[in-house]
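Residue-level listing of the chains:
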Amino acid sequence: MGRAVRPGRDSERGAGTVLVLGVVAAAMLLAVGIAALGAAQNARGAAQAAADLGALAGATALRDGFDPCGTAGAAVTRNGAELAACEVLGGGVVRVVATRAAVGPAGELGSARATARAGPRESATARR
């Protein structure tokens, strides 16, 4: 004769294994999410630094009579990003937009984008 199934301990055998597997899967998903967030933040910071340096280089080149966007593009590239846009505004101001792709799972979401402006400060009479 077969063994009768009795409610109790035997009917829940293996439930702890399923619970542990669920907790481990949730922890791994959380770790991947945190890693992706960190990679995206790193890409954003690198893009901002490249845009800042590119704008400063472009404004300096414009002041000295050189090609501001070519200089800004070279500075952005040297800092690991791509030049998305460069614009010479009035008064010697250069505006630069830089992009940089994130590494790892965050790269699937797109590129980080940053904008920076550099040039002479407005005079007090021009602001009024």
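Look above for the structure.
Rules of the game
The residue numbers shown here count from 1 along each chain, following its written sequence. Selection of residues for local features in this predicted model requires a pLDDT of at least 70, selection of side-chain atom pairs for listing and counting requires 80 or more, and totals for whole chains, interfaces and linings are taken over all residues. Excluded from the side-chain calculation are hydrogens and water; included are all heavy atoms of the structure. Strands qualify as paired when DSSP identifies two bridges or more between them. To qualify as a helix, a DSSP run of H or I must reach at least 4 residues; to qualify as a strand, a run of E must reach at least 2; elements of each kind are numbered from the N terminus. Throughout, disulfides are identified as pairs of cysteine sulfur atoms within 2.5 Å of each other. A simple rule labels every residue: compare its accessible area, found with a 1.4 Å probe on the protein chains alone, to the largest value its type can have, and call it buried under 20%, exposed over 50%, or partly exposed in between. In this analysis, axes come from line fits to C-alpha atoms, helices being fitted only over the stretch in contact, and the angle between any two N-to-C directions falls in the range 0 to 180 degrees. Contacts: residue pairs with any heavy atoms within 4.5 Å of one another. What the arc measures is the spread of directions leading from the helix axis to the C-beta atoms. Within 3.5 Å is the distance limit for a polar contact, defined as a pair of N or O atoms, with the added protein rule that one can donate a hydrogen and the other accept it, and that residues adjacent in sequence qualify only through two side-chain atoms. In these notes the angle categories are as follows: under 35 degrees is roughly parallel, over 145 is roughly antiparallel, 65 to 115 is roughly perpendicular, and the rest is oblique. The sense of a crossing depends on the near helix, which, turned anticlockwise from the far helix by less than a right angle, makes the crossing left-handed and, turned clockwise, makes it right-handed. When residues are sorted by character, Ala, Val, Leu, Ile, Met, Phe, Trp, Tyr, Cys and Pro go into the nonpolar class, Asp, Glu, Lys and Arg into the charged class, and all the rest, Gly among them, into the polar class.

1. Considering the pairing of strand S2 (residues 93–101)
Bridge analysis of strand S1 (residues 82–89) against S2 gives seven bridges, and the strand direction is antiparallel. Residue pairing across strands places valine 88 opposite valine 94, the latter belonging to S2. What sits between S1 and S2 in their antiparallel hairpin is a turn of three residues, with glycine 91 showing a positive phi close to 80°. Across eight bridges, the pairing between S2 and strand S3 (residues 111–118) is antiparallel. Within the sheet, the bridge partner assigned to alanine 98 lies in S3 and is alanine 114.

2. Let's talk about the state of the cysteines
Enumeration according to the criterion identifies one disulfide in this entry. Here cysteine 69 engages in a disulfide with cysteine 86; their sulfurs sit 2.2 Å apart. Judged by the torsion about the S-S bond (-85°), the cysteine 69/cysteine 86 disulfide is left-handed. Taken together, the residues cysteine 69 in helix H2 (residues 68–78) and cysteine 86 in strand S1 connect sequence positions 17 residues apart. With a relative accessible area of 24%, cysteine 69 lands in the partly exposed category. Given the relative accessible area of 23%, cysteine 86 is considered partly exposed.

3. Digging into the sheet that holds S2
What the three strands build is an open sheet, ordered S1-S2-S3; its pairing is antiparallel. Each having just a single partner strand, S1 and S3 make up the two edges of the open sheet. Direction aside, the axes of adjacent strands within the sheet are offset by 15° on average. Relative to S1, H2 is tilted by about 150°, and along the sheet it contacts S1 and S2.

4. Notes on H2
Since one α-helical turn is 3.6 residues long, residues separated by three or four positions face the same way. Of the residues making up H2, those classed as buried are Pro68, Ala72, Gly73, Ala75 and Val76. Buried residues of H2, seen end-on, are gathered within an arc of 165° and therefore sit on one face of the element. The exposed set on the far side of H2, more than 90 degrees from its buried face, consists of Thr77 and Arg78. Each element contacted by the buried residues of H2 is listed here: helix H1 (15–63), S1 and S2. Between a side-chain oxygen at the N-terminus of H2 and the backbone nitrogen of glycine 70 the separation is 3.1 Å; the capping residue is aspartate 67. Phi turns positive one or two residues past the end of H2, at glycine 80, with a value near 80°.

5. What about the packing of H1 against H2?
Angle between the axes and distance between the axes are the two parameters that describe a pair of packed helices. It is the contact of H1 with H2, at a shortest axis distance of 7 Å, that shows an interaxial angle of 150°. When the interaxial angle is binned, H1 and H2 end up roughly antiparallel. For H1 against H2, the interelement crossing comes out right-handed. Where H1 abuts H2, its residues Ala50, Leu53, Gly54, Ala57, Gly58, Ala61 and Leu62 lie against Pro68, Thr71, Ala72, Ala75 and Val76. Residue composition of the contact of H1 with H2, by class: nine nonpolar, three polar and no charged.

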